[in-house]
Amino acid sequence: MTVTLPESMEPVKMIGADGNNVGQTVDPLPFARSYQIEALEKAIKQNTIVFLETGSGKTLIAIMLLRYYAHLLRKPSPFIAVFLVPKVVLVPQQAEAVKMHTDLKVGTYWGDMGVDFWDAATWRKEQDKHEVLVMTPAILLNGLRHSFFKLDMIKVLIFDECHHARGKDPYACIMKEFYHGQVRSNNSNLPRIFGMTASPIKTKGTTSTWSCGKNMIELENLMNSKIYTSVSEDVLAEFVPFSTPKLTYYKDKDIPSALFERVAHQLEILKNKYEHSLESLNLMESTKESARKKISKLFSAFLFCLNDLGLWLALKAAEFSFCDDMDICCWGQLDLSGEEIIKNFNKDAYKVISTYLPSDRELSVGDDLEADAESGFLTTKVICLVGSLLQYRHLKNLRCIVFVERVITAIVLQKLLSKLLPKLSGWEAGYIAGNASQLQSQSRRVQNALVEEFRNGMVWCLPSENCMKYITYQLTHLNMRLSHLQVNVIVSTSILEEGLDVQSCNLVIRFDPSATVCSFIQSRGRARMQNSDYLLMVRSGDDKTLSRLRTYLDSGKVMREESLRNASLPCAPLKSSLDDEEFYWVESTRAIVTLSSSIGLLYFYCSRLPSDGYFKPTPRCSINQDMGTCTIYLPKSCPIQTVSVRGNIKTLKQIACLEACKELHKAGALTDNLVPQIVEEEAIVAQDENMPYDDEQATYYPPELINPSLKDPVTPYHCYLIELDQKYEYEVSPQGIVLAVRSELEYDVGNVNFDLQVDRGTMTVSMNYVGVIHLTAEQVLMCRKFQITLLRVLIDRAIDEVKAVFDRYDLGNDQMVDYLMLPSTNSREIPSIVDWKCLGSVFFSHENASNHMGCFFPRMHTKSGFVCSCTLKNSIVYTPHTSQFYCITGILGELNGNSFLSLKNGGLLTYKEYYHLRHGIELQFDGEKLLKGRRMFVVQNYLQRCRQQKEKELSNTTVELPPELCVIFMSPISISIIYSFSLIPSIMHRIESLLLAVNLKKIHLNYCKQNDIPTFKVLEAITTKHCQEGFHLESLETLGDSFLKYAASQQLFKTFQNHHEGLLSVKKERIISNASLCKLGCDRKLPGFIRNESFDPKKWIIAGDQSRSHVFGEELLSSTRKIYVSERRKLKSKRIADVVEALIGAFLSTGGETAALIFMRWLGINVDFVKVPYKRDFPVILKRHVNVSYLESILNYSFRDPSLLVEALTHGSYMLPEIPRCYQRLEFLGDAVLDYLMTMHLYHKYPGMSPGLLTDLRSASVNNDCYAQSAVKAKLHQHILHSSQELHRHIVVTVGNFDKLPLESTFGWESESSFPKVLGDVIESLAGAILVDSDYNKEVVFQSIRPLLEPLITPETVKLHPARELGELCQKEHYDIKRVVVSQNGKASVTIEVEANGVKHKHTSTSDKRTATKLASKEVLKSLKESIAQTASKL
């Protein structure tokens, strides 16, 4: 409702303590009311609790207070303001209000954001970024306890709905544990406290004036604040309309007792039946207990509805509960069998209730309300509600909230009202409810949407007949698009009472009485329209409730009078709760854990320990009341196993938990901020993952090929003969080429051999050093002009560009790409190796060609003049009429201009006629012989793989040309030289790449000169699949990845012997993650070396070419070495990480593990293979637990320390104290070593396989299902030490299904069900145990574990994972693939749909996510293949 203020009222100005204006006037705000200004003035002077009615604008006062302090908050100030709200749904609402009316930077925080797992650095970033932090109080309390927040850094601390501050509420704990201790220490840097409430007391029942005053003083003392309120309601009434309370009575009449007893009896029989059936099912005990609780709660809900609301609404409650699309209650975890039991119970309950309701009456309920009451279908209370609503049917725009106590009441009443009201009044009804009861499925996202819509005068309408489908829709579609209906009546639980800024309404009905004064006042405050009513429903004769309501009605006046009476009294000092209880304090950070918070901290620590589906680590408490002792047993992955204490029996568990927290901190398991160490490690990993990365990266060019301009009259060039061996028959044979460079190349570049994949087959390139040639400046100029001209002709074929190069060319003054590609005479002697005559062809002169003295060849007319025909036989000519270049290979003695030319249509024309008709040219010398021309060779990327397919020879490759139409461009030059030069771009691109690899090697060799590996291996490691060449990094990347994983794992295992597997895994992630590897690669300037694009000859830089401006940048690789930057390109961070792994693989495959470790240390990964003893206290009598001799026989290995065997077979659920550790650490090590050993085995056993095949072999060989099958085959499952009933059940099922698998089972991929991960884990933990026991002898591990894994996968037996195969097929055929995953209670329902050629192939599978994905993919793939085969057969 908009309130217009008197024109005389002025906007508030912020006045500082010195009397000066602070900040801006409040012009952007709505005009402040008089009591708001008064409250603000109080809040500026002292800590204040504003006690005003709902809707009076308390939040506006808080915002004005923030504006007053804004000058202290604005960044870069280190100070912040914190705005606390009691409910998550209020966080965005209050944050938006602050943003709207201030320019402060606002951050929002609640539990679902994962703030429990944030570390000090993460919170520091938030405080540096934001000026006002809006959050729930538990977040601030935890932050203070962990010392992420300091009170002296908070300038304003706002408590919304501060009446919650009592007992152990987070509001109260913040004040008791932190604020009051600072007050007693005379700390002057405490925050300004500002509280807001509509009721300072929150008590049930009647309250005397004395107790009311006492409660208010206690709140003031706790909050160290004085309550401000208006003198009377009259002051507020000027601005805030007050509703008129009205009592409405309903008859005290229950449903017929006989009906209730019969239905209740039948429901109890049904309940007992289902509870009994649980005992016969093979379910976990926890699942059974959870199912029992669900059945019991549902039974109670049905009885409540039956008794309080009537038979029809009880039926609707059952109908709501068995909806197929609803997860109606979430107490505990159920598997699919348990959920089916609950659903069936609901269905049977519905049948039981429906038998007592005639079918015709179900549809006609509400038509005759008195008859419905007599029959027990509706209670008199419900009928009273309907009648009360209908009394307001004359209102055109009814806006009503009906407050109820229970969620189920809200749901079923909305169903009834949606059925009756549209017919009786044209109104619509909806509901909103919190989820604390866990009896409905409105997610927080949906609740926020409901509130937002209701705030705007609309709401999501839930029509009764489509309620379930609607809710399913809203939960499964992120972008909710629902029809909006004008809703007049909202049935709500207390969620709409407190703080939510919903649209004002003109009627509030309390269907159930308020439990507290606060609830009464807040629900009354929702009716804020003029002339609104507050209807209180009371059962006739219920004097107790009536008396309580009257007390509530008077409570506002009493509280106001008491607050005014105590206004002048100062707040009494309050003892800090830390004075009354023991606590543990970390001096360095001031983090603290108290007796009351110790249990939560210990459970939080245990929740971050490694777990699986069969064991959730929690502390176990054993109290001996006679001895007054308490022992805490911690999970096996803790560095401390037991803690025992003595003390007061009432606080004994807290004392023990506090002592455990102390010991965990001393052991390093809790950090100095008293959070699990894994929290800080994960935060660092997350920070690394979010580290800014600039994907604009340099592309390097080898410095060996860039030189300054020539200064000396004679320049030495090192010559390399490039010989081309053609492995196919072709009419043209290539001729050798001489590469001349200014500096001698590395041996493995200067003597390289590689293949080109030309269209007709393979061309082998061999390069050998032949010596030094000294060239004058004129010779260099001629050589450059030759190579630039010829290459431009071949690449561009544009006469204008070629002439421009030739006419303007000089030796230049700047650095440029400087090497020479020269035609060879096939001699190996210097200087005769260079064909200088051919080089001179670039300076062809028609004068010389026409004056051939002593030449017996006839002369011919050309556009270059009358020349000797011998100059045409090996030349390049240009025909202006077609703008084409041609190679002339001879003279056609039998053809001239008058010879006949066969046309494609079968007709005949003379050449003279053809040129006249086609080009409008009249041949003048038609008697001269025609020239045999050949179109120029096409320059392509001949480094690409799969180019061996022979292309059809073009029908017009050769042409007959009249000499008079030709301009001689270069002569003499043979077709063999031209052919060879068409290959030069590809040849030089390979050499340039090799030189980059050399430079990368050199910067590493500066670190360790002995750690040299072949250049070509480095080139392989920096070449990605995108280059489409005959090699790429994938195999080396796979190899390097496995070695890096193993090296890091064994280093962490040795170094941190008290760390659990989860912490080791996070630390390993910090080392091997893509983000970390990318950073290391960038630090070593690796991105510029990476080859990530297919070679494009048109972009290739021709040496010496100045016609196209190409500026090279310079970059220092080290203090003594620089390299050139040719361009910048986009490069993904993962590409850099892949190259780092591939380079590790390159050093490993050629130099061994030592070389790989040296390279890793150069990168910054400091690991070693130094043997460190595995220290642990393991006092166990082996024979009690495992059959050592049998297991050693299976493993073909004798343990020096058999306790490792016990550790390797102990699951986390096995809680016997004499076995202090479970297998998780050994599994961590064994996983890495098996991965590495299998990858090395495959790499060396199949050296010729494609890179992708190695990846597929590794994926198929190294997976948990493969290991699990091996464990079952070796009967290792019989020796696992565990105490999990669910694990036992799963293993029994798995073993039972094992014999059904085909003999050729593809490493677990053929299984129709999931294997317990524990089975695969045991194979890995045994490998880890053997590795440690054998002093890290990996060969011993492989020889021991390999027989268990036989038969090993081979290239012939490998099959792709169904999901991978389906993805590749869809990518190849361009099919659309969709995958939807719905996870619930540890299970996943995976639906995969592929649309191919207009047909949809769809399958849904439910299991764990991995297995469900596999099975759904398998079925869709099968259907898709059958469809493709049928389509092919029809063709």
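In this text the structure is predicted, and so the values were computed from the model without any measurement.

### A short note on the packing of helix α42 (residues 1264-1273) against helix α43 (residues 1285-1298)
Between α42 and α43, the least distance of the axes is 11 Å, while the angle of their chain directions is 85°. On the basis of the axis angle, α42 is roughly perpendicular to α43. On α43, the residues touching Q1269, V1272 and K1273 of α42 are T1294, V1295 and F1298. Here the residues of the contact of α42 with α43 are counted per class, giving three nonpolar, two polar and one charged.

### Focus: helix α21 (residues 595-607)
Taking 1.5 Å per residue as the helical rise, α21 with its 13 residues ought to reach 18 Å, and the 19 Å between its terminal C-alpha atoms agrees with that figure. Residues L595, S597, S598, L601, L602, F604, Y605 and C606 constitute the buried set of α21. On its buried face, α21 sits against α5 (137-145), β17 (592-594), β19 (629-633), α22 (652-666) and α23 (677-689).

### A few points about the sheet that holds strand β7 (residues 226-229)
Here seven strands make up an open sheet; going across it, the order is β3-β4-β2-β5-β6-β1-β7 and the pairing parallel. One side of each edge strand has no neighbouring strand; the edge strands of this open sheet are β3 (106-109) and β7. When the angles between neighbouring strand axes are averaged without regard to direction, this sheet yields 20°. Relative to strand β6 (residues 192-197), strand β5 (residues 154-160) runs parallel, the two being bridged by five bridges. If you follow I158 over to β6, its bridge partner there is F194. Sitting on the sheet, helix α2 (residues 58-73) touches β1 (48-51), β2 (80-84), β4 (132-135), β5 and β6, and the angle it makes with β6 is about 165°.

### Thoughts on the side chain of S1261
For S1261, the location among the structural elements is in helix α41 (residues 1251-1261). Here L1257 takes part through its backbone oxygen, which lies 2.8 Å from a polar atom of the side chain of S1261. Residues contacting S1261, with those up to four places away along its chain left out, are M1238, L1242, C1266, Y1267 and I1353.

### Structural notes on the pattern of salt bridges
Under the definition given, this model contains 59 salt bridges. One salt bridge connects E319 with K415, and the closest N-O pair in it is separated by 3.6 Å. A residue pair is termed long-range when its members are at least 10 positions apart, and E319 in helix α11 (residues 311-321) and K415 in helix α16 (residues 407-424) qualify at 96 residues. Note on E319: relative accessible area 23%, which makes it partly exposed. Where R1346 meets E1350, a salt bridge forms, and the shortest distance between an N and an O atom there is 3.0 Å. A relative accessible area of 26% places R1346 in the partly exposed class.

### Notes on the state of the cysteines
Throughout the structure, instances matching the rule amount to zero disulfides. Not part of a disulfide, C162 finds its nearest cysteine sulfur in C518, a span of 9.5 Å.

### Section: the sheet that holds strand β38 (residues 1113-1116)
The strand order β21-β39-β38 describes an open sheet built from three strands, whose pairing is antiparallel. Where the open sheet ends on each side, the last strands, each with one partner, are β21 (696-701) and β38. Here the strands of the sheet are splayed against their neighbours by 55° on average, with no regard to which way each runs.

### Quick look at the packing of aromatic side chains
For the structure on display, the rule yields 30 aromatic pairs. Ring plane angle 55° and centroid distance 4.9 Å describe the contact between Y720 and Y769, whose orientation is recorded as tilted. Linking Y720 in strand β23 (residues 714-726) with Y769 in strand β26 (residues 761-776), this pair joins segments that are 49 residues apart in sequence. An angle of 75° between the planes, with centres 5.2 Å apart, marks the rings of F885 and F969 as edge-to-face. Here F969 lies in strand β37 (residues 967-970) and F885 lies in strand β32 (residues 884-896), a separation of 84 residues in the sequence. Residues F885 and F969 agree in their burial class; the two are buried. An aromatic cluster of three or more residues is present, and its members are Y109, W118, W123 and F149. The positively charged end of K271 is found above the aromatic ring belonging to F299, 5.5 Å away from the centroid.

### Focus on helix α32 (residues 984-1005)
Over its 22 residues, α32 extends 31 Å from the first C-alpha to the last, a length consistent with the 32 Å expected when each residue adds 1.5 Å. With 21 of its 22 residues buried, α32 lies for the most part within the structure.

### Points about empty space enclosed by the protein
This model, assessed by the stated rule, comprises six cavities of 30 Å³ or more. Here the largest cavity defines a volume of roughly 110 Å³. Lining the largest cavity are 14 residues, and of these Y605, A669, Q677, H1060 and L1063 lie nearest its centre. Classifying every residue of the lining of the largest cavity gives eight nonpolar, five polar and one charged.

### A few points about the environment of W836
Inspection of the secondary structure assignment puts W836 in helix α27 (residues 836-839). Taking the relative accessible area as the measure of exposure, W836 reaches 26% and is therefore partly exposed. Taking the C-alpha atoms as reference points, W836 and S824, separated by 12 residues in sequence, lie 8.8 Å from one another. Once residues lying within four places of it in the same chain are set aside, the contact partners of W836 are I773, L775, Q779, M782, C783 and P831.

### Comments concerning the confidence of the model for the protein chain
In the predicted model, the protein chain carries a mean pLDDT of 85, and 88% of its residues have values of at least 70. Across residues 459-484 the pLDDT falls below 50, and counting only partners more than four positions away or on other chains, this stretch makes 50 contacts in the model.

### What about the pairing of β1?
Burial along β1 is two-sided: T48 and V50 and I49 and F51, pointing in opposite directions, are all buried. Pairing geometry for β1 and β7, over four bridges, is parallel. Paired with T48 across the two strands is K226, which belongs to β7.

### Structural notes on the packing of helix α34 (residues 1034-1055) against helix α40 (residues 1224-1245)
Close contact between α34 and α40 brings their axes to 9 Å; oriented N to C, the two are set at 150°. The angle between α34 and α40 falls in the class roughly antiparallel. Viewed along their axes, α34 and α40 form a crossing whose handedness is left-handed. Across from S1035, L1036, T1038, L1039, S1042, F1043, K1045, Y1046, S1049, Q1050, L1052 and F1053 in α34, the residues of α40 making contact are R1225, L1226, F1228, L1229, D1231, A1232, V1233, D1235, Y1236, T1239, M1240 and Y1243. Across the contact of α34 with α40, the residue classes break down as 14 nonpolar, six polar and four charged.

### Some words on the nonpolar core
Residues I722, L739, L756, F786, Y819, F981 and I1345 are the most contacted members of the largest nonpolar core, which totals 204 residues. For this core, the leading source of residues is helix α37 (residues 1133-1163), giving 17 residues. In contact with I1345, not counting residues within four places along its chain, are L1195, L1234, I1323, A1327 and I1330. Residues L303, A318, V412 and V489 belong to the second largest nonpolar core, which totals 73 residues.

### Re unusual backbone geometry
The residue after K75, namely P76, is reached through a cis peptide bond having omega 20°. Tracing the chain through its elements places P76 in the loop between α2 and β2. Cis rather than trans, the peptide bond between S971 and P972 has omega equal to 0°. Within the element layout of this structure, P972 appears in the loop between β37 and α31 (975-981). Its identity as a non-glycine residue notwithstanding, N224 has a phi of 50°, on the positive side. At N1196, a position not held by glycine, the phi torsion is positive, near 55°. Position of N1196 among the secondary structure elements: in the loop between α38 (1188-1195) and α39 (1203-1208).

### Considerations on the side chain of S1325
Tracing the chain through its elements places S1325 in helix α44 (residues 1317-1333). For S1325, a relative accessible area of 0% gives the class buried. A polar atom in the side chain of S1325 sits 2.9 Å from the backbone oxygen of V1322. The residues touching S1325, leaving out its near neighbours within four places in the chain, are A1208, Y1223, L1226 and E1227.

About the thresholds
Residues numbered from 1 in each chain as written. Predicted model: local features only at pLDDT ≥ 70, side-chain atom pairs only at ≥ 80, totals over all residues. Heavy atoms only, no water. Axes fitted to C-alpha atoms, helices over the stretch in contact; angles between N-to-C directions. Helix = DSSP H or I, 4+ residues; strand = E, 2+ residues; numbered from the N terminus. Parallel < 35°, antiparallel > 145°, perpendicular 65-115°, else oblique. Contact = heavy atoms within 4.5 Å. Nonpolar A, V, L, I, M, F, W, Y, C, P; charged D, E, K, R; others polar. Expected span 1.5 Å × (residues − 1). Buried < 20%, exposed > 50% of the residue type's maximum accessible area, 1.4 Å probe, protein only. Pairing = 2+ DSSP bridges. Polar contact = N/O pair within 3.5 Å; in protein donor to acceptor, adjacent residues only side chain to side chain. Salt bridge = Lys/Arg side-chain N within 4 Å of Asp/Glu carboxyl O. Disulfide = S-S within 2.5 Å. Phe/Tyr/Trp six-rings, centres within 6.5 Å; stacked < 30°, edge-to-face > 60°. Lys NZ or Arg CZ within 6 Å of the ring centre and 35° of its normal. 1 Å grid on protein atoms, 1.4 Å probe; cavity = no way out; pocket = protein on both sides within 12 Å on 5 of 7 lines; lining within 4 Å. Points joined across faces, edges and corners; volume = space filled by probe spheres on them. pLDDT = per-residue confidence, 0-100. Left-handed = near helix turned anticlockwise from the far one by under 90°. Core = buried A, V, L, I, M, F, W, Y, C linked by side-chain atoms within 4.5 Å.

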